[in-house]
2 protein chains.
Amino acid sequence: MTALRIGLLGHGTVGSAFERLLAERAWRVAELTGREPEISGVLTRSHGDFGEILEHSDLIVELIGGVDDALTYVRRALEAGRDVVTANKQLLSRHGEELWELARERGLSLGFEAAVAGVVPVVRVLRESLAGARLERVHGIVNGTTNFILSEMTRTGCGYADALAEAQRLGYAESDPSDDVGGADAAAKMAILARLAFDARVHIDDVRFEGIEQITPGDIAYARELGLALKLVGTAERLEDGISVRVHPTFLYAAHPLASVGGSFNAVTVEAEAITEITMSGPGAGGMQTASAVLGDVIAAVSPGARAMPEASSVAIVKDVVSAYYLHMEVDDRPGVLAQIAAQLGEQGASIKSVVQRGLGEAAQLVMVIHPLPESRLQAAIEQIGALGFIRSRPRAIRVIDEEFE
Amino acid sequence: MTALRIGLLGHGTVGSAFERLLAERAWRVAELTGREPEISGVLTRSHGDFGEILEHSDLIVELIGGVDDALTYVRRALEAGRDVVTANKQLLSRHGEELWELARERGLSLGFEAAVAGVVPVVRVLRESLAGARLERVHGIVNGTTNFILSEMTRTGCGYADALAEAQRLGYAESDPSDDVGGADAAAKMAILARLAFDARVHIDDVRFEGIEQITPGDIAYARELGLALKLVGTAERLEDGISVRVHPTFLYAAHPLASVGGSFNAVTVEAEAITEITMSGPGAGGMQTASAVLGDVIAAVSPGARAMPEASSVAIVKDVVSAYYLHMEVDDRPGVLAQIAAQLGEQGASIKSVVQRGLGEAAQLVMVIHPLPESRLQAAIEQIGALGFIRSRPRAIRVIDEEFE
């Protein structure tokens, strides 16, 4: 049986889990592909020579992370005629088009299932099962760290800092969690999902994103009162004038398929007229889980008929998207406040769906749900309301996906 | 561009939806496969000649249903060197091995994504994404009719007959619903899923199944008290002595990924050590949704590298499986009843987890949850309890999947 020589870049949590899993399942890979897999070399930041590893490999597995070095390695591997499997979402959300084109031109496979939603096979389902469908929208919880933190805040009522500390203690968050909690990680994944769903050129710079650092236990408590769950949701959707790709903290109505996704799980909902919707969920993080997705891609890469990414078209990115919003304000507790806020909202065409007001001595918290309106209008209203004399802190807005607005 | 001539067998709900969808998406199929699709002939029970259609087709889509005629058509199509796509679970759960072997020997594609869980792409995910994983268990809600009926009974508190009538009114149940409500449809799908998950020869006769006709509003009310959801769950799992494949009404703990699957949706959870679990859900029925899965298979069939089903091995089917149970009894309301029942259960090694007793005049309803034990033991206990003088009707048992027993 021919050998399948795998050059492994990176030997952290996922890299070493991949090496273990490969050893355990080598017989199965051989059975499926007719080739005996072996690790022909391992490159870490401090050890190994990429050129030498490349020369002795049939396929490169890139798990070293970062952007610049990884780009060099993947580019060189493809140029040298090697199939590549990568879990690097930052790389693909920045340089995907160049690399997919390189792979397409040379008839090589560039697998990236592990880059998007952990073990959830959304890349394959979008590329293959749904290849014939006209997709309308993808919603995703694609970052396990933030989903764990929000689930923990919901479950225990604790604050953001405590939930983050717990996530770090359990290994769900890194010591520097900023990529996760700030939304950049989810944004990179949504850029890739949008590329897949719409065959549209999407760079991470096209993705608006916002993290969860500002979320308070109060927001979550209000959400519960309103029957909503708070999640960091990425959305890629086809609109009249183009597509929109964004990541925001979002209140979901209880029956939404993503509302019940708890802990560090990831989940993606794909909507199209012909299929209504499909939801897929599973663990988002974990070395072994990611390694399992990488192994699936390795098998696919050396099986006949690996599909190239179709060419992307240029599609306009819509910036001003219509959503419903939750609006949180701290105000002086005196008569006329609500009327003035309502007037400012009305000026921007915003209509109020529900209000909760709660006194806190001289101050009051005012929470509203606003019917769908363009984001630019909402921002204008927030500016105007923020300038009113009785406002004690800048109003905060969180997007709402409500059943009746869908 | 070469034509892709599709012979369509069957022109009911799915067949005509497929014809419409194909017309709408023909340009996309051409883009993806390099071939221009066209319907080269349609066979219905009263019109058309199969031999003639076969002669003028490159690929046969079998949506005519039934077993005997469908077997003849699919066999003849494969023998004539045509790729086949079918949505026929009864056919595959009875004659799958013969047909998969025929396809494998001739290097043909036999697609059947639409046979299992509607639009949920579980076949592809099992065959491809998870090809390298050692799967331990598959749980599925694979029948939309029964899930709708149970959801409706839960939502409204109505009885089985009313919920069935509502399902028929809305088109979720056929006028003769026996295949669905009796569990045979789900059993056929679970046979196919078990074949895929374990590469094991599984015939529908190997699948124990039970329907939902006996479920009462009382069962659902008790379940709610115990924090459980009632679903018709199919299970295929690897056990020490072989595999087990079965379909039963099942109480699920609230956090189980299948517990929140409502309406006519289908969902499948796949468990393996390396992936923990993946859950996929989506509409289980609907002509357009099934047609969409068929179209995905058509595209895959004419794309390079369609994978043959691996050969199946013979694996022992385990009959006596360990489960926890909910036990429902109607008894005379007098002292000593509970003690005698507990004694009979104890004799079979069954230990009681919780009890709810409710008086109804001279009678009482007694509901218990029993810790996991082999089914044979439970049946023996039921026989013994049923023979006790104070028992007013045969005890009923429903399987429980509880978090703490998992």
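Residues numbered from 1 in each chain as written. Chains lettered and ligands numbered in written order. Predicted model: local features only at pLDDT ≥ 70, side-chain atom pairs only at ≥ 80, totals over all residues. Heavy atoms only, no water.

Explanation requested: the overall build of chain A in the structure shown.
Secondary structure summary: chain A contains 13 helices and 15 strands in total. The C-alpha atoms of chain A give 23 Å as radius of gyration, which agrees with the globular expectation for 406 residues (22 Å, within 12%). Dimensions of chain A along its principal axes, counting C-alpha atoms only, are 80 × 45 × 35 Å. Relative to its full complement of 406 residues, chain A shows a buried share of 59%. Counting contacts in chain A only where the partners sit at least 6 residues apart, residues at least 24 apart contribute 73% of the total. (Helix = DSSP H or I, 4+ residues; strand = E, 2+ residues; numbered from the N terminus. Rg over C-alpha atoms; globule rule 2.2 N^0.38 Å. Buried < 20%, exposed > 50% of the residue type's maximum accessible area, 1.4 Å probe, protein only. Contact = heavy atoms within 4.5 Å.)

How should I be thinking about the relation of the copies chain A and chain B in this particular structure?
The relation between the two chain copies is a rotation about an axis coupled with a shift along that axis. For the pair chain A and chain B, the best superposition has an RMSD of 0.0 Å and corresponds to a rotation of 180° with a translation of 0.0 Å parallel to the axis. The symmetry that links the two subunits is that of a two-fold axis. Looking at the interface residues of chain A, 100% of them are also at the interface in chain B, so both copies use one shared face. (Least-squares fit on C-alpha atoms with pLDDT ≥ 70 in both.)

What am I meant to see in the interface of chain A and chain B here?
Taken together, the contacts link 38 residues of chain A with 38 residues of chain B. Counting the surface lost from both chain A and chain B, the interface buries some 3100 Å², and carbon and sulfur atoms represent 52% of this. Looking only at chain A, the three residues that lose the most surface to chain B are A:R124, A:G132 and A:A274, adding up to 15% of its buried area. One can count four salt bridges joining chain A with chain B. For the salt bridge of B:R124 with A:E128, the shortest nitrogen-to-oxygen distance reads 2.7 Å. Taken together, the links from chain A to chain B amount to 14 residue pairs in polar contact (both at pLDDT 80 or more). Secondary structure elements with two or more residues in the side of chain A that touches chain B: α1 (13–33), α5 (122–129), β11 (276–283) and α11 (287–301) of chain A. At eight residues, the largest contribution of residues to the side of chain A that touches chain B is made by β11(A). Considered class by class, the residues forming the side of chain A that touches chain B number 18 nonpolar, 12 polar and eight charged. When β11(A) meets strand β11 (residues 276–283) of chain B, the two strands line up antiparallel, connected through three bridges. (Buried area = accessible area lost by both parts, 1.4 Å probe. Salt bridge = Lys/Arg side-chain N within 4 Å of Asp/Glu carboxyl O. Polar contact = N/O pair within 3.5 Å; in protein donor to acceptor, adjacent residues only side chain to side chain. Nonpolar A, V, L, I, M, F, W, Y, C, P; charged D, E, K, R; others polar. Pairing = 2+ DSSP bridges.)

What is the right way to look at the side chain of A:R195 in this model?
All names here are of chain A. Turning to its location among the elements, R195 is positioned in helix α9 (residues 184–198). Within the structure, the side chain of R195 is placed 2.5 Å from the side chain of E97, a separation counted as a polar contact. Leave out the neighbours within four places in its chain, and R195 touches E97, W100, R104, A200, V202, M309, P310, E311 and A312.

How should I be thinking about the environment of B:P257 in this particular structure?
Residue placement: B:P257 occurs in the loop between β9 (242–253) and β10 (265–272). Excluding residues within four positions of it along the chain, B:P257 makes contact with B:T269, B:E277 and B:T279.

It is not clear to me how the sheet that holds strand β4 (residues 83–86) of chain A should be interpreted in this structure. Could you clarify?
Note on sheets: strands pair through backbone hydrogen bonds, and any given pair is parallel or antiparallel. Sheet architecture is open: five strands sit in the order β2-β1-β3-β4-β5 (chain A), paired in parallel fashion. Strands with a single pairing partner mark the edges of an open sheet, and in this sheet they are β2 (35–43) and β5 (110–111) of chain A.

How should helix α12 (residues 337–347) of chain B be read in this particular structure?
An α-helix turns once per 3.6 residues; consequently, residues spaced three or four apart project the same way. Residues and elements named next belong to chain B. Of the positions making up α12, those classed as buried are V337, I341, Q344 and L345. Down the axis, α12 shows its buried residues gathered within 100° of arc, on one side only. Opposite its buried face, α12 presents the exposed residues A339 and E347, each directed more than 90 degrees away. Each element contacted by the buried residues of α12 is listed here: β12 (322–332), β13 (352–360), β14 (363–374), α13 (375–386) and β15 (391–401). After α12 finishes, the residue G349 shows a positive phi value of roughly 80°. (Arc of directions from axis to C-beta.)

Teacher, can you tell me more about the pairing of strand β2 (residues 35–43) of chain B here?
Along any regular strand the residues' side chains alternate between the sheet's two faces. Residues and elements named next belong to chain B. Sheet topology note: the strand β1 (residues 2–9)/β2 ladder contains eight bridges and is parallel. By the bridge assignment for β2, L8 is matched with V42. Read as a crossover between parallel neighbours, the route from β1 over helix α1 (residues 13–33) to β2 is right-handed. (Right-handed = clockwise from strand over helix to strand, strands pointing away.)

I'm lost on empty space enclosed by the protein in this one. Help?
It is a probe the size of a water molecule, rolled over the atoms, that shows where empty space is left. Counting across every chain of the model gives four cavities of 30 Å³ or more. When its volume is computed, the largest cavity comes out at roughly 100 Å³. Only α11 of chain A together with α5 (122–129) of chain B provide two or more residues apiece to the lining of the largest cavity. If you tally residues by element for the lining of the largest cavity, the top one is α11(A), at four residues. Looking at the lining of the largest cavity, its residues break down into seven nonpolar, three polar and three charged. (1 Å grid on protein atoms, 1.4 Å probe; cavity = no way out; pocket = protein on both sides within 12 Å on 5 of 7 lines; lining within 4 Å. Points joined across faces, edges and corners; volume = space filled by probe spheres on them.)

Looking at this model, I keep getting lost on the nonpolar core. Mind explaining?
For soluble globular proteins, nonpolar side chains are generally found buried alongside one another. Within the largest apolar cluster, 198 residues are counted, with the highest numbers of intra-cluster contacts made by A:L193 and B:L193. Discounting residues that sit within four places of it in the chain, B:L193 has contacts with B:V116, B:V122, B:L126, B:V138, B:V142 and B:V268. (Core = buried A, V, L, I, M, F, W, Y, C linked by side-chain atoms within 4.5 Å.)

Help me understand unusual backbone geometry, please; the structure alone is not making it clear to me.
With the exception of glycine, most residues fall at negative phi, and the peptide bonds are largely trans. Positive phi, normally seen in glycine, also occurs at A:D199, with a value near 50°. Note on placement: A:D199 falls in the loop between α9 and β7 (208–209). The buried category is assigned to A:D199, whose relative accessible area is 15%. Of note in this structure, B:T276 is not a glycine but carries a positive phi near 65°. Relative to the assigned elements, B:T276 resides in strand β11. The exposure class of B:T276 is partly exposed, given its relative accessible area of 37%.

What's the story with the pairing of strand β6 (residues 135–141) of chain B in this structure? I'm lost.
All names here are of chain B. Of all seven residues that make up β6, six are buried, and the element is covered over most of its length. In terms of strand pairing, β6 meets strand β8 (residues 228–239) through four bridges, oriented antiparallel. Residue H139 lies in a different strand from β8, and its bridge partner there is T235.

Is there a simple way to think about the sheet that holds β1(B) in this case?
Residue and element names in this part refer to chain B. The strand order across the open sheet built from five strands is β2-β1-β3-β4-β5, with neighbouring strands paired in parallel fashion. Lying at the two open borders of the sheet, with one neighbouring strand each, are β2 and β5 (110–111). Pairing of strand β3 (residues 59–62) with strand β4 (residues 83–86) involves four bridges; the strand directions are parallel. Residue E62 lies in a different strand from β4, and its bridge partner there is T86.

Looking at this model, I keep getting lost on the environment of B:G211. Mind explaining?
All names here are of chain B. Summarising the element assignment, G211 is placed in the loop between β7 (208–209) and α10 (217–225). Sequence separation between G211 and E38 is 173 residues, and the spatial gap between their C-alpha atoms is 41 Å. Each residue touching G211, except ones within four places of it in the same chain, is listed here: V181, G182, G183 and P249.

So what exactly am I meant to see when it comes to the environment of A:V207 here?
All names here are of chain A. Mapped onto the elements of the fold, V207 is located in the loop between α9 and β7. Judged by its relative accessible area of 6%, V207 is buried. Sequence separation between V207 and V261 is 54 residues, and the spatial gap between their C-alpha atoms is 23 Å. When residues no more than four places from it in sequence are discounted, the contact partners of V207 are A187, A191, V202, V245, R246 and V247.

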